[in-house]
Amino acid sequence: MALLDVNNLSISFGGLRAVDNFNISIEKGELYGLIGPNGAGKTTVFNLLTGVYKPNEGIIRLDGEDITRKSTIEINHAGIARTFQNIRLFKNMSVIDNVKVGLSEHFKYSALEGILHLGRFSKVEKEMDAEAMRLLKVFDLDAERDTLAANLPYGKQRKLEIARAMATGPKLLLLDEPAAGMNPNETKELMDTIALVRREFDMTILLIEHDMKLVSGICEKLTVLNFGRVLCQGETKEVLANPEVITAYLGE
Amino acid sequence: MKNKITKNNLITYGIVLAFYIIVEILMMTGALSSHMKGLLVPMTYYAIIAVALNLCVGILGELSIGHCGFMCIGAFTSAFFSRATENSIPTVPRFIIAFIIGIAFAALFGFLIGIPVLRLKGDYLAIVTLAFGEIIKNVINSFYIGIDGKGLHFSMKDSMSLGMEADGDIIVNGAMGITGTPHNANFTIGVVVLLISLFVVQNLVNSRDGRAIMAIRDNYIAAEATGINITGYKMMAFTISAAIAGAAGVLFSHNITTLTASSQYFGYNASIMILVYVVLGGIGNIRGSVIAACVLYLLPELLRGLNTYRMLIYSIVLIVMMIVNWSPKIIEWRKRTFGRVSFRRAKEVA
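Read on for an overview of the structure. Note that the structure is predicted; figures quoted are calculated from it, not measured.

Focus: the packing of aromatic side chains
Okay, step 1: One pass over the full model with this rule turns up 16 aromatic pairs over all chains.
Okay, step 2: Site record: aromatic cluster; members linked through ring pairs are B:Y45, B:Y46, B:F252, B:Y265, B:F266, B:Y277 and B:Y297.
Okay, step 3: Between the NZ or CZ atom of A:R88 and the centre of the ring of A:F84, over which it lies, the distance is 5.4 Å.
Okay, step 4: Just above the ring of A:F90 sits the side chain of A:R164; from NZ or CZ to the centre is 4.5 Å.

Digging into the sheet that holds strand 7 (residues 172–176) of chain A
Hydrogen bonding along the main chain pairs the strands of a sheet, whether they run parallel or antiparallel.
All names here are of chain A.
Okay, step 1: Taken in spatial order, the 6 strands make up an open sheet running 6-7-8-3-9-10, and their pairing is mixed. This sheet does not close on itself; its edge strands, each paired only once, are strand 6 (80–82) and strand 10 (229–235). Ignoring which end each strand starts from, the neighbouring axes of this sheet average 20° apart.
Okay, step 2: Examined bridge by bridge, strand 9 (residues 221–226) and strand 10 share 6 bridges and lie antiparallel to one another. The residue bridging K221 from the neighbouring strand is E235, located in strand 10.

Concerning the sheet that holds strand 2 (residues 16–26) of chain A
Residues and elements named next belong to chain A.
Okay, step 1: Taken in spatial order, the 4 strands make up an open sheet running 2-1-4-5, and their pairing is antiparallel. What marks the edges here is a single partner per strand, and that holds for strand 2 and strand 5 (65–66).
Okay, step 2: The pairing of strand 1 (residues 4–13) with strand 2 spans 7 bridges and is classified as antiparallel. What sits directly across from S12, in strand 2, is R17.
Okay, step 3: The sheet contacts of helix 1 (residues 42–49) involve strand 1, strand 2 and strand 4 (57–62), and relative to strand 1 the element is tilted by about 115°.

Digging into the packing of helix 3 (residues 67–84) of chain B against helix 5 (residues 124–141) of chain B
Residues and elements named next belong to chain B.
Okay, step 1: One can describe the packing of helix 3 onto helix 5 by two numbers: an axis separation of 8 Å at closest approach and a directional angle of 30°. Judged by the angle between their axes, helix 3 and helix 5 are roughly parallel. Across the interface between the two elements, G69, F70, C72, I73 and F76 from helix 3 touch F132, G133, I136 and I140 from helix 5.

What counts, and where the lines are drawn
- Residues numbered from 1 in each chain as written.
- Chains lettered and ligands numbered in written order.
- Predicted model: local features only at pLDDT ≥ 70, side-chain atom pairs only at ≥ 80, totals over all residues.
- Heavy atoms only, no water.
- Phe/Tyr/Trp six-rings, centres within 6.5 Å; stacked < 30°, edge-to-face > 60°.
- Lys NZ or Arg CZ within 6 Å of the ring centre and 35° of its normal.
- Pairing = 2+ DSSP bridges.
- Helix = DSSP H or I, 4+ residues; strand = E, 2+ residues; numbered from the N terminus.
- Axes fitted to C-alpha atoms, helices over the stretch in contact; angles between N-to-C directions.
- Contact = heavy atoms within 4.5 Å.
- Parallel < 35°, antiparallel > 145°, perpendicular 65-115°, else oblique.

In structure tokens form, the structure reads like this:
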């Protein structure tokens, strides 16, 4: 059974059918790309998957579990983590604290223990620190652990956002235009990071991207959206060779 | 980092303790005038409510402009209890229970206000707390509560309609408020409560829940996508903030002979004054709130001698504090200077 199974997903804003009859099926361990022209509804699909919008029709299953009308928080707990097109970090918090916020669902102590710094507090905090440092090391951010997130260079902010998403322990990672605003070198580094995430965590990834070099370089399968509808779906090479996709999106 | 945070917290407690010891010595040597002594307890409760408001504004990132309303609740519920049980419970346990009652009621009101408002995104909390602060004052002003042999009497008309027996005692007398609350608060208790408030807030900030609260402040969309229960944590921070404001209210009412729900103490201007302490002390900077509250509370009182220029000097101090705390150049300079100091210390230790 597929890890993510989406059937007939549709949503309208007023008279506009932003996403119409969207289907996707992602197997465990796949790196899947979602591409299409601006305004095609890619980010809307992400927002539907993460519960920001509730669909008018359709069903979303994660690992067999129906998550269609759950809240963003419940969906995160069910196992979908995401990053944002415009980076959304906890800017006035340190790098390690950003990751520890992501970890808080898995390392618990009561509010009273937190306020008094008693009981499980020290032990759990130590475990959290160790786990956060392990994650930061994977993303090569361990040297910046005490830097404010706002003061990181752009490329590292992206990495931190991915690290924070990974800290929540997801089954599926959604990346919304991770290469947006990056120069070719940074994009190259990002591709390495994504490859690393797959290798280290055996992660299933769905990403939105405009950078064709990145898409053709790392994605195994693609879905092309146009005007809210699926234009084409399949192996990356075949999709990019499809004449319809070339006219609608890539250009001759 | 952990050690740095602990050290930072200890410095805050140290500053409060050092200030306390200096004042105690001055009091023992008789160097403080009775006017000055009278300012000490108010200074501690304003510092406490500034810490409470900073938790709400600086850590949670929600603007509250009616925090004196929670102080008012804490003041009246605790004063009522103390007056009603003045002759039946010995002082120490009574004052402790008064604290618990004042804190619990303020927290309850914070919780109730939070239920509808904190689900919303935006500045609704500011609007609702503003209204709450004004409403609670007017409501308390119309309460008449008395006790006699038959039990509690309650009215919202006037004291005559309570229908009290001859031995009855009117505790809450409408706009005249509560008279004769025992003077249990003193500077030492004020400092202890301030230290406890600092302990609670600073520990909270450095815990799992505190990080979640600050994550909501920094970016609620990302916090939600990271699985943080936004409403729950907002409620938690706001309730704790209201509870601490309630503790300040208990000190307030047990330091004053006649407690009235007047605008001077619990109105809009008073709440804004607390907000000024928080903003000028540095939003999110707990230690700054304490220092700003103390300085800005004492200053206008100490300047009473210079009657004509009092408010002029006060406003100049406000402007200077604003520049010192918020100008990027000055902050950089401060970091450089203090950075050098700590560097030197590190060398000496090595």
